[in-house]
Amino acid sequence: MGGRHVLRARRLLSGSLDGLVDLIGADEEELVRAARTVVAELGSPGRLSALVAELAAGVGDPSGCARLSYRHVLGFDKLLLVDVGTRHMLRAHVWHPGAHRAGREDIHNHRSALASFVVRGTLGMELYETAGDGPLAAARYRESLSAEVSDWLLEPAGRARLRLTQTAEYAAGSGYALPSHALHRAWCASPGATVTLFLETGAGRRRYTDVFTGGGRDGRAQAYAKEPLEVAEYLAELRALAELIGGSEELACS
């Protein structure tokens, strides 16, 4: 059973998004708009800090959430906060500048529509499109989860040319939402840690995503281990997250 704030978050996710999860392609626009509204509401300072504090105290399903939380291969810590079955997953993404894995992600899209709200720091982001005459040459991969251990599996899918279409920076209190096919990459654009609240809708709808990289791989299928956090580690990360977003001060004032 979840606590009061966990249950409120689940009800908001289900009530706002359940009727839209089958929308895909050109029809995703309504789902994208709804996801952006929901993640901004859940990311408001008092509401998010109360939710994180409740989870850090062990409320809900810490073992289940820990199994789906890990150090992401693209360079940030990914902490599951609330899930609604396989339909919607609300996560905190924590970017640490100067960390070994910190940097710009590979260009990629997602399995489903998404929305992100910056809680702390600044997130930089670029949008791309494939174009036959695009100035950026890249190797194309299909990224999926391996059947046996759910590691990330990158399979070569040829070469591509890309064109940058937009560069933006999102400061705390702002955010964005994207359809599943949108090509983008993000990075921590502030001297301190950046925290984003990330909402994935209709999880698992597409079997694979597209990943584009400028090099560094040898053209063979490669698997990257997905190592879930231990429960104690997950709870410690939540306590650290509460400090980053000022959770203790927010709760003291509420």
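- An unreviewed UniProt entry annotates the protein chain as Cysteine dioxygenase of Streptomyces flavofungini.

## Remarks on the nonpolar core
So, point 1. Formed by 43 residues in total, the largest nonpolar core has its most connected members in L13, L90, L238 and L241.
So, point 2. Element by element, the count of residues in this core is highest for helix α2 (residues 29-42), at 7 residues.
So, point 3. Each residue touching L13, except ones within four places of it in the same chain, is listed here: D18, V38, L42, V82, V84, H88, L90 and L199.
So, point 4. F76, L127, A186 and F198 belong to the second largest nonpolar core, which has 15 residues in total.

## Structural notes on the pairing of strand β11 (residues 194-201)
So, point 1. β11 sits mainly inside the fold: 8 of its 8 residues count as buried.
So, point 2. Alternating residues of β11 divide into T194, T196, F198 and E200 and V195, L197, L199 and T201, and every residue in both groups is buried.
So, point 3. Summarising the sheet, strand β5 (residues 114-120) and β11 pair through 6 bridges and their orientation is antiparallel. Among the inter-strand pairings, R120 is bridged to a residue of β11, identified as V195.

## Topic: helix α3 (residues 45-56)
So, point 1. Helix length check: α3 (12 residues) gives 16 Å between terminal C-alpha atoms against 16 Å at 1.5 Å per residue, within 8%.
So, point 2. Burial of α3 is extensive: 9 of the 12 residues sit out of reach of the surface.
So, point 3. Positive phi appears at G58, one or two residues downstream of α3, with a value of about 95 degrees.

## Side note on the sheet that holds β5
So, point 1. Taken together, the 6 strands give an open sheet; going across it, the order is β1-β2-β3-β11-β5-β9, and neighbouring strands pair in antiparallel fashion. The open sheet has two edge strands with one neighbour each: β1 (70-71) and β9 (175-178).
So, point 2. By the bridge criterion, 2 bridges tie β1 to strand β2 (residues 77-84) in an arrangement that is antiparallel. When the bridges of β2 are listed, R71 appears paired with D77.
So, point 3. Taken strand by strand, α2 contacts β3 (88-95), β5, β9 and β11, and its axis lies near 140 degrees from that of β11.

Reading the values: the criteria
- Residues numbered from 1 in each chain as written.
- Predicted model: local features only at pLDDT ≥ 70, side-chain atom pairs only at ≥ 80, totals over all residues.
- Heavy atoms only, no water.
- Core = buried A, V, L, I, M, F, W, Y, C linked by side-chain atoms within 4.5 Å.
- Buried < 20%, exposed > 50% of the residue type's maximum accessible area, 1.4 Å probe, protein only.
- Helix = DSSP H or I, 4+ residues; strand = E, 2+ residues; numbered from the N terminus.
- Contact = heavy atoms within 4.5 Å.
- Pairing = 2+ DSSP bridges.
- Expected span 1.5 Å × (residues − 1).
- Axes fitted to C-alpha atoms, helices over the stretch in contact; angles between N-to-C directions.

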